[in-house]
Amino acid sequence: MREVLVIGGSRYFGRLLVTLLQEAGSRVTVVNRGSPPPAGVGHLVADRDDEAALRAACGPRTFDVVIDQVCYTPAQAEVACRVFADRVGRYVMTSTMEVYDPATSPGGLPAVPGVPVVEDAVRPADWPVRPDLPWHDPDRLATVFDPATGYAEGKRQAEAMFTRSAPFRYASVRSAHVLGGGARDFTGRLAHYVERVTAGQPVAVHPDPLPTSFIQEREIAEFLRWAAAADFVGPVNATSHGELTAIELCDLVATRVGTPPRYQVVEDGPASPFSFDRYYAMDNGRAERLGFRFGAVRDWLPTAIDDALAAREEDRHAVTRDR
């Protein structure tokens with residue numbers, strides 16, 4: 001039986017991942033700051049930023065695989081490299097497609113309209129790491145990066161730290177934008193579209209929004225479970241087949257709710273989630289060549305919208321009951 005440690009794993013697709021690992025026959029342990037895991041899952045309590053506490057929580061235990069759901073900075077990656085140096089054979093970091101975002105790249109990553117980006121566009125082995133930045137202090141870090149850049153650059157530099165320093169076999173999963181799960185989706189991004197279209201409120205979009213990539217909640221959890229059992233190393237893109245613009249997403253929502261969408265075109269102000277003024281889509285060819293088979297975004301998105309609608313109705317009923 002495989003021993004799998006999940007760092008994080010307390011909400012959204014991380015919690016589903018834990019369940020899928022259990023169902024696959026793995027003995028699963030979660031380490032986090034206190035959120036209880038599903039029944040039958042081991043639980044270690046520690047702040048992953050605290051190296052001594054993380055080391056003490058793990059004690060003498062070793063693991064076949066670590067899946068790191070909450071690594072956001074090179075400082076966290078450096079701690080993980082030390083703590084798990086002699087404890088694990090394989091380490092999978094959940095990363096993000098935002099590593100490719102040209103709007104948050106200090107050097108300006110290229111974006112070619114109509115050409116989905118491949119893994120080599122961001123090479124962790126070559127990416128500069130800034131250990132001098134205040135990664136442990138969000139307030140000070142905010143004086144260096146805006147929130148979007150801090151998130152994307154933190155992920156890029158975390159990948160770079162693992163790639164250069166990991167004493168174990170290491171892979172990073174660059175996830176597309178995750179949708180689905182109804183009330184489990186704490187991000188509120190799909191709910192934003194469902195709420196505004198249903199209420200007849202305008203959705204803020206760029207003058208010519210360009211496509212981006214998506215993956216379904218269960219699909220990314222299944223991909224991470226698969227990646228934990230695989231043997232590849234380095235970055236891999238995880239995205240469903242097909243791309244959508246913010247307008248196409250609104251159209252699909254409108255089809256489910258029966259209300260035509262309204263738009264507010266913004267030139268310089270903030271737009272809705274997933275409205276991009278740059279082409280922003282990923283190629284999933286490497287993952288498919290390695291053996292994973294993705295679904296199509298237009299096949300699963302209607303169900304995700306229905307789940308978001310059901311969560312909206314439940315919230316409305318809860319408010320009514322509480323009055």
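Structure's up top.
Source: prediction; values computed, not measured. Along each chain, residue indices are assigned from 1 in the same order as the chain's sequence is written. With the structure being a predicted model, the display of local features is reserved for residues of pLDDT at least 70 and the display and counting of side-chain atom pairs for 80 or more, all residues being used for whole-chain, interface and lining totals. By convention in this description, side-chain values take in all heavy atoms of the structure and omit both hydrogens and water.

(A) How the structure looks around the overall build of the protein chain. Looking only at helices and strands, the protein chain has 10 helices and 11 strands in total. It is over C-alpha atoms that the radius of gyration is taken, and the globule rule equals 2.2 Å times the number of residues to the power 0.38. Here the C-alpha atoms of the protein chain give a radius of gyration of 20 Å, agreeing with the 20 Å that 2.2 N^0.38 yields for 323 residues. For the protein chain, the spread of C-alpha atoms along the three principal axes comes to 60 × 50 × 40 Å. For every residue, the accessible area (1.4 Å probe, protein chains only) is compared with the maximum for its type, and the residue is labelled buried under 20%, exposed over 50%, or partly exposed between those bounds. Residue burial in the protein chain is summarised as follows: out of 323 residues, 51% are buried. Whether two residues are in contact is decided by their heavy atoms: any pair within 4.5 Å suffices. For the protein chain, contacts bridging at least 24 residues in sequence account for 79% of all contacts bridging at least 6. Averaged over its 35 positive side-chain charges, the protein chain has a centre that lies 4 Å from the centre of its 43 negative ones. Numbering of helices and strands starts at the N terminus; helices are DSSP runs of H or I of at least 4 residues and strands are runs of E of at least 2. His is not counted here, nor are the chain ends, while Lys and Arg score as positive and Asp and Glu score as negative. One atom stands in for each charge, and that atom is NZ of Lys, CZ of Arg, CG of Asp or CD of Glu.

(B) Region of interest: the sheet that holds strand β4 (residues 63–68). For two strands to pair, DSSP has to find at least two bridges joining them. If you trace the seven strands from one edge of the open sheet to the other, you get β3-β2-β1-β4-β5-β6-β10, paired in parallel fashion. Both edges of this open sheet fall to β3 (42–45) and β10 (234–238), since each of them pairs with a single strand only. Strand-to-strand, the axes of this sheet are offset by a mean angle of 20°, without reference to chain direction. The sheet contact formed by strand β6 (residues 169–175) and β10 spans five bridges and is parallel. Among the inter-strand pairings, Arg 174 is bridged to a residue of β10, identified as Asn 237. Strand contacts of helix α5 (residues 147–165): β4, β5 (88–96), β6 and β10, with the helix running at about 160° to β5, the strand carrying the most contacts. The axes are straight lines fitted to the C-alpha atoms, using for helices just the contacting stretch, and the angles between their N-to-C directions are given from 0 to 180°.

(C) Main features of unusual backbone geometry. Non-glycine residue Tyr 12 carries a positive phi angle of around 50°. Take Tyr 12: it is sitting in helix α1 (residues 12–23). Positioned with a positive phi, Phe 274 is a non-glycine residue whose angle comes to about 75°. Tracing the backbone through its elements, the reader meets Phe 274 in the loop between β11 (262–265) and α9 (285–290).

(D) Highlighting the pairing of strand β1 (residues 3–7). β1 sits mainly inside the fold: five of its five residues count as buried. Along β1, one buried face is formed by Glu 3, Leu 5 and Ile 7 and the opposite face, lined by Val 4 and Val 6, is buried too. Crossovers are marked right-handed if the path from the first strand over the helix to the second runs clockwise, as seen with the strands pointing away from the viewer. The β-α-β motif built from β1, the intervening α1 and the parallel element strand β2 (residues 27–32) has right-handed crossover chirality.

(E) Representation of the pattern of salt bridges within the structure. For this analysis, a salt bridge means a side-chain nitrogen from Lys or Arg found within 4 Å of a carboxyl oxygen belonging to Asp or Glu. As enumerated under the stated definition, the model contains 19 salt bridges in all. Arg 130 is paired through a salt bridge with Asp 132; the nearest N and O atoms lie 2.7 Å apart. Given the relative accessible area of 53%, Asp 132 is considered exposed. Among the ionic pairs, Arg 174 bridges to Glu 159, the shortest N-O distance being 2.8 Å. Taken as a pair, Arg 174 in strand β6 and Glu 159 in helix α5 lie far apart in primary sequence, 15 residues in all. Taken individually, Arg 174 and Glu 159 each receive the classification buried, so the pair is uniform in this respect. Here the salt bridges do not stand alone but share partners, grouping Glu 51, Arg 55, Glu 78 and Arg 82 into one network.

(F) Summary view of the side chain of Arg 87. Along the chain, Arg 87 falls in the loop between α3 (74–83) and β5. Notably, Arg 87 is buried but unbridged: the nearest opposite-charge side chain belongs to Asp 86, and the N-O separation is 4.6 Å. Throughout this description, a polar contact denotes any pair of N or O atoms lying within 3.5 Å of each other; where both atoms belong to protein, one of them has to be capable of donating a hydrogen while the other can accept it, and for residues adjacent in sequence the pair is counted only when both atoms sit in side chains. Within polar-contact distance, the side chain of Arg 87 engages the backbone oxygen of Gly 59 at 2.5 Å. Side-chain polar atoms of Arg 87 contact the backbone oxygen of Arg 61, separated by 3.0 Å. Residues contacting Arg 87, with those up to four places away along its chain left out, are Arg 55, Cys 58, Gly 59, Pro 60, Arg 61, Thr 62 and Phe 63.

(G) How the structure looks around the nonpolar core. Core analysis: the biggest nonpolar cluster contains 92 residues, and Phe 84, Tyr 91, Phe 162, Val 173, Ile 220, Phe 223 and Leu 301 have the highest contact counts within it. Ignoring sequence-local partners within four residues, the contact set of Tyr 91 consists of Ile 7, Arg 48, Val 66, Asp 68, Ala 80, Phe 84, Phe 162, Phe 168, Arg 169, Tyr 170 and Ala 171. With five residues, the next largest nonpolar core counts Ala 75, Leu 133, Trp 135 and Leu 141 among its residues. We define a nonpolar core as any set of buried Ala, Val, Leu, Ile, Met, Phe, Trp, Tyr and Cys residues linked to one another through side-chain atoms lying within 4.5 Å.

(H) Molecular detail of the pairing of β6. Here β6 lies mainly inside the structure; six of its seven residues are buried. As judged from the seven bridges shared by β5 and β6, these two strands associate in the parallel manner. Each residue of the ladder has a partner; that of Val 92, found in β6, is Ala 171.

(I) Representation of helix α6 (residues 189–198) in the model. Residues Leu 190, Tyr 193, Val 194 and Val 197 constitute the buried set of α6. When α6 is viewed along its axis, its buried side chains cluster within an angular range of 95° and face the same direction. Just downstream of α6, Gly 200 is the residue with a positive phi angle, here 75°. The reported arc concerns the directions from the helix axis to the C-beta atoms and nothing else.

Function cannot be inferred from these measures alone, as they are strictly geometric.
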